[in-house]
Protein chains: 4
Amino acid sequence: MNSTQLFEEVVDPYKVVFFDAFGVLKNYKGLMPGVEKTFEYLEQRQKEFFIVTNDASRSPAQLAEKYHQMGLSAITEDRIISSGMLAREYLDLKVNEGIVAFLGTADSAHYIERPGLITLPVSEVNDDNISEVSALVFLDDEGFDWSGDLNKTVNLLRKRTIPTIVANTDDAYPMNASEVCIAVGSLATMIETIVGKEFIRFGKPDSQMFMFAYELVRERTGVNKKDIVMVGDTLHTDILGGNKFGLDTILVLSGNTLSTEAETRISSTGIIPTYICSSAVIQQ
Amino acid sequence: MNSTQLFEEVVDPYKVVFFDAFGVLKNYKGLMPGVEKTFEYLEQRQKEFFIVTNDASRSPAQLAEKYHQMGLSAITEDRIISSGMLAREYLDLKVNEGIVAFLGTADSAHYIERPGLITLPVSEVNDDNISEVSALVFLDDEGFDWSGDLNKTVNLLRKRTIPTIVANTDDAYPMNASEVCIAVGSLATMIETIVGKEFIRFGKPDSQMFMFAYELVRERTGVNKKDIVMVGDTLHTDILGGNKFGLDTILVLSGNTLSTEAETRISSTGIIPTYICSSAVIQQ
Amino acid sequence: MNSTQLFEEVVDPYKVVFFDAFGVLKNYKGLMPGVEKTFEYLEQRQKEFFIVTNDASRSPAQLAEKYHQMGLSAITEDRIISSGMLAREYLDLKVNEGIVAFLGTADSAHYIERPGLITLPVSEVNDDNISEVSALVFLDDEGFDWSGDLNKTVNLLRKRTIPTIVANTDDAYPMNASEVCIAVGSLATMIETIVGKEFIRFGKPDSQMFMFAYELVRERTGVNKKDIVMVGDTLHTDILGGNKFGLDTILVLSGNTLSTEAETRISSTGIIPTYICSSAVIQQ
Amino acid sequence: MNSTQLFEEVVDPYKVVFFDAFGVLKNYKGLMPGVEKTFEYLEQRQKEFFIVTNDASRSPAQLAEKYHQMGLSAITEDRIISSGMLAREYLDLKVNEGIVAFLGTADSAHYIERPGLITLPVSEVNDDNISEVSALVFLDDEGFDWSGDLNKTVNLLRKRTIPTIVANTDDAYPMNASEVCIAVGSLATMIETIVGKEFIRFGKPDSQMFMFAYELVRERTGVNKKDIVMVGDTLHTDILGGNKFGLDTILVLSGNTLSTEAETRISSTGIIPTYICSSAVIQQ
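Only a predicted model underlies this, so the values are computations on that prediction, with no experimental measurement involved.

Q: Just checking my understanding: could you explain the sheet that holds strand E8 (residues 117-121) of chain C for this structure?
A: Residues and elements named next belong to chain C. Sheet architecture is open: 5 strands sit in the order E8-E7-E9-E10-E13, paired in parallel fashion. Bordering the open sheet on either side are E8 and strand E13 (200-201), each of which pairs with just one other strand. Contacts from helix H4 (residues 83-94) reach strand E7 (98-103), E8, strand E9 (133-138), strand E10 (164-166) and E13, with the element oriented near 160 degrees to E10. With respect to the sheet, helix H6 (residues 146-159) is in contact with E7, E9 and E10, its orientation differing from that of E9 by roughly 140 degrees.

Q: Could you clarify how one ought to interpret the interface of chain B and chain A in this entry?
A: How large an interface is tends to be reported as the accessible area lost when its parts come together. Each partner contributes residues to the interface: chain B has 42 residues there, and chain A has 42 residues. For chain B, the biggest contributors to the area lost against chain A are Leu93(B), Glu198(B) and Lys244(B); these three give 21% of the whole. For the pair chain B and chain A, the interface holds 6 salt bridges. The residue Asp206(A) makes a salt bridge to Lys244(B) at a minimum N-O spacing of 2.6 Å. Summed over the shared surface of chain B and chain A, the number is 22 residue pairs in polar contact (both at pLDDT 80 or more). Of all elements in the fold, only helix H4 (83-94), strand E13 (200-201), helix H8 (207-220), helix H9 (235-245), strand E15 (248-252) and helix H10 (262-269) of chain B reach the threshold of two or more residues within the side of chain B that touches chain A. At 6 residues, the largest contribution of residues to the side of chain B that touches chain A is made by H8(B).

Q: Just to check I follow, could you spell out the environment of Tyr41(D) for this structure?
A: Residues and elements named next belong to chain D. By the secondary structure assignment, Tyr-41 is in helix H2 (residues 35-44). Among the residues examined, Tyr-41 registers a relative accessible area of 4% and is labelled buried. Note: C-alpha distance between Tyr-41 and Glu-8 (33 residues apart in sequence) is 8.5 Å. A distance of 3.2 Å separates the side chain of Tyr-41 from the backbone oxygen of Glu-8, its partner in a polar contact.

Q: How should the relation of the copies chain D and chain B be read in this particular structure?
A: A rotation about an axis combined with a shift along that same axis relates the two copies of the chain. Turning chain D through 180 degrees and shifting it by 0.1 Å along the axis lays it on chain B, with an RMSD of 0.0 Å. Such values leave the two copies arranged in the relation of a two-fold axis. Interface residue correspondence from chain D to chain B reaches 100%, placing this contact among same-surface, isologous pairings.

Q: I tried to follow helix H3 (residues 60-69) of chain C on my own but got confused; where do I start?
A: For an α-helix the count is 3.6 residues per turn, leaving residues at separations of three or four pointing the same way. Residues and elements named next belong to chain C. What H3 keeps buried is the set Pro-60, Leu-63, Ala-64 and Tyr-67. Each buried residue of H3 lies within a common arc of 100 degrees when the element is viewed along its axis, so the set occupies one face. On its buried face, H3 is in contact with strand E3 (26-27), strand E4 (30-31), strand E5 (48-53), strand E6 (80-82) and H4. Of the residues one or two after H3, Gly-71 is the one with positive phi, at around 100 degrees.

Q: Hey, could you run me through the interface of chain D and chain B in this one?
A: Contact residues are listed per partner, giving 20 residues for chain D and 20 residues for chain B. Interface of chain D and chain B: buried area, both sides summed, is about 1900 Å²; carbon and sulfur atoms make up 63% of it. Summed over the shared surface of chain D and chain B, the number is 2 salt bridges. With its nearest N and O atoms 2.8 Å apart, the salt bridge here joins Glu179(D) to Lys159(B). Counting across the interface, chain D meets chain B through 6 residue pairs in polar contact (both at pLDDT 80 or more). Counting residues per element, the side of chain D that touches chain B draws most heavily on helix H6 (residues 146-159) of chain D, at 8 residues. In terms of residue class, the side of chain D that touches chain B is built from 10 nonpolar, 6 polar and 4 charged.

Rules of the game
- Residues numbered from 1 in each chain as written.
- Chains lettered and ligands numbered in written order.
- Predicted model: local features only at pLDDT ≥ 70, side-chain atom pairs only at ≥ 80, totals over all residues.
- Heavy atoms only, no water.
- Pairing = 2+ DSSP bridges.
- Helix = DSSP H or I, 4+ residues; strand = E, 2+ residues; numbered from the N terminus.
- Contact = heavy atoms within 4.5 Å.
- Axes fitted to C-alpha atoms, helices over the stretch in contact; angles between N-to-C directions.
- Buried area = accessible area lost by both parts, 1.4 Å probe.
- Salt bridge = Lys/Arg side-chain N within 4 Å of Asp/Glu carboxyl O.
- Polar contact = N/O pair within 3.5 Å; in protein donor to acceptor, adjacent residues only side chain to side chain.
- Buried < 20%, exposed > 50% of the residue type's maximum accessible area, 1.4 Å probe, protein only.
- Least-squares fit on C-alpha atoms with pLDDT ≥ 70 in both.
- Arc of directions from axis to C-beta.
- Nonpolar A, V, L, I, M, F, W, Y, C, P; charged D, E, K, R; others polar.

Structure, rendered in structure tokens:
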């Protein structure tokens, strides 16, 4: 099961492909060289595809625009499913009024802006408006002062019993070839421990991400889970989540999981991809 | 938001009701007194209902039969969604051949029996057949020798890299008014820590349980999430899971959460039900 | 065992008293009113006393000076045992050369300054000196830029295999009557999880704090553990640590544990003080 | 620092050697071949040595007897420090009366038998005597019925607020070349999670083990921490605990840590031994 196979051979029997973004389609340098051929191949064979990404820093429109700037026009806004969209759906369904406080950039706040709700950076919560705060959302690790605003967040959650949403569950993300950044998921976990409350987390490996994508797919085409394959570089998020949701899975060795350590990590974690490919780039 | 309301008033605007079983419809003594009136009320008003339960010890047919024996005929097999059904779906989608080893009773094993797979208690795994074991499932805390078979399970997982499914994520369950039993979820967590692998868990609060029920509902009726309310006695499973999936939620005080501690627990956990009712029994 | 008793009656049979600092002798407003009488009482009866505190933000000399400024001259430098002193002992015994990088204020860095070692804020670690860094110490939550320097710390620990010491294990500390601050222990735990390494932690409830104080006591007087009582306001650190080390313990209700919740917290945590007093102030 | 060295060269400058037992002096087959030479060497050079072991299954006298039966007479009862001895000291200092309930064999119960206390297997706790139970001790994974007695333990701890001691913190231990057994530390952790209480744990890497040995050493000889080296096969217990206590440490590759993985494990855990030797057997 675990020897490397050609991506085009592995992907051939499936009607729909879910792709992780970072480490699969792009890295810190830009697009993975040759990955545009993969999308030509998928379009020629009329296979559907979606990007399923733990990202709440930018809207799907902004994320799509980035791909277009890098020369990959196949990835359109309607094909991007981000964990930020689940945070937005939660607010739509469960939070009707008041102030939604957030940690993140102004770009990330677009996810949570909707009629009837006021969005406010945590830095702007004060004694006058704290009683109107009806939810808190962790969106991005940038756009705020860590020391001041994380302490403020702890005290906000000690004073107010409100739902707290984490729109990106990742612990860290790559910044360049050798360095990582602390992601907002780690900051949220630290605060969750201090205040002793239970936050609502959206993002792979949680099934709700895959369900969101699956429902979108079924609106377009009459497929079932057997027709879909999830492609990712991370065992703990992409492969575990895809497996649990009942999808076949492809581990690619172009990102978080190096080819030298793939076998060891699979056997030590017990997270088993259906296939392993060196990358998501077709070789034809 | 958090003062107690009448169940019939709260439930009135919804088209579909999801019920937890233990602590809501029944307890260790049998049915909650008067709960049959609730189902008469729901049927008169043509509201749909489903039982969403972390139970892999018996099949839906067996669970329904139990309700019928206690005098509640409204709960039929097709209205019961159990975490065991998700384990079965996982095997359908992801495990095609070989031996599925399990911990649990013979009754619980019915969940995992299907054409093409051999089901085998962990006690019967041996040097001759261990190489054919393709999955392991934790089903129930009964039906096996804890000391012998849990040790055997640890060594099976050290020798074989196979998916491991936990079909009931609860830590403990009530045995009588003052005592609890260790549930299979706790045994699984202990072994997961020892072997350092990541198991696949099905059961509330995980969204996949709610999704399974939601898909069943939508096949029958054209409702959306706004039309459904989840009723449960446990903040951490029923209410957290319902909230996260985007449903309104009713905490009932007839089981795990006592009326004296409800407010404290809600503010200390940050898990906030939409409504609180003393029980799921209507008062009319 | 658990009804409130007078501090002077409880403390009478012991020859040595260990005091926690915050919530026992002082709070955010200053000294606990009347606490100077307690020290007069102890000195009259020739009882020894020590302050045992999870604090690495200031040296014992600086901490003693603060008590003197508040009007409590009995607490001298040689009677203060801080978690920072254990960090210093670790470096004395185990780190012989190179750069000790730290997170904290210049005041806190005094703990780790010693002949043969260069101390350097994490912010000043760079490509030229990173190979000489031989240890990292978390000292205080102030004195550095959280976003920049915590990210830098993560990458330092990914590049270098060095011992990492946490000189204060507390998660949070009180800032005023209603607000807390994130302590350096929480920041350290977040980074430990991200890098997957195991840090060396000093501070109550760890026995090493109590051992350090105990050795100091025995150099002065011929007492044994039966002669010592630990006084603290926090079950999880002062009482658990004192109990485990074999000391009798007094929970005081003037800080973290409120009188309304003491019984509930004791039974829910299973951490049982030998005595409970309303405060460490004698009533005579 | 991390290349393999000869044991006799490394150990030469130290006056006292602390040895872990399993994986260092013996394994499932018996004594490590040649290890008796090591003790001749130590005695010739008048170096002191102690065995520091996470074992509460047998008394030091019984453990010493086992070594004698295998042909190693140098290891006498007074040179063995076991985690069970710390449990006994705790009872001496902190529990004056009543029933001490335990999980373990009759052999392991010898640790906790002392004048004034009644020791009773958990299986014999009943409605008549439960109110007299003053402490619970986890001693060994054998000697009781896991299913019946672990469930009984959970309910004992829900009904009674008593100190709970774990006399061996190991998760698992080797049974033969390829298989392990679940140790009592894992069973205790499972129950601690279910009941939500905090247990008192004795055993490496906790400093209290090392302190106990250190005090014994200083009664005999005038050494300090710089004169002692800890020898062990497990990074997480022997090496981490020795380092934290301020001792130099030798990782031997004859047990839990294989030579092929030593470097990887050291850099991934950040637990760094002072030296690495292939075994504790001298080559002369």
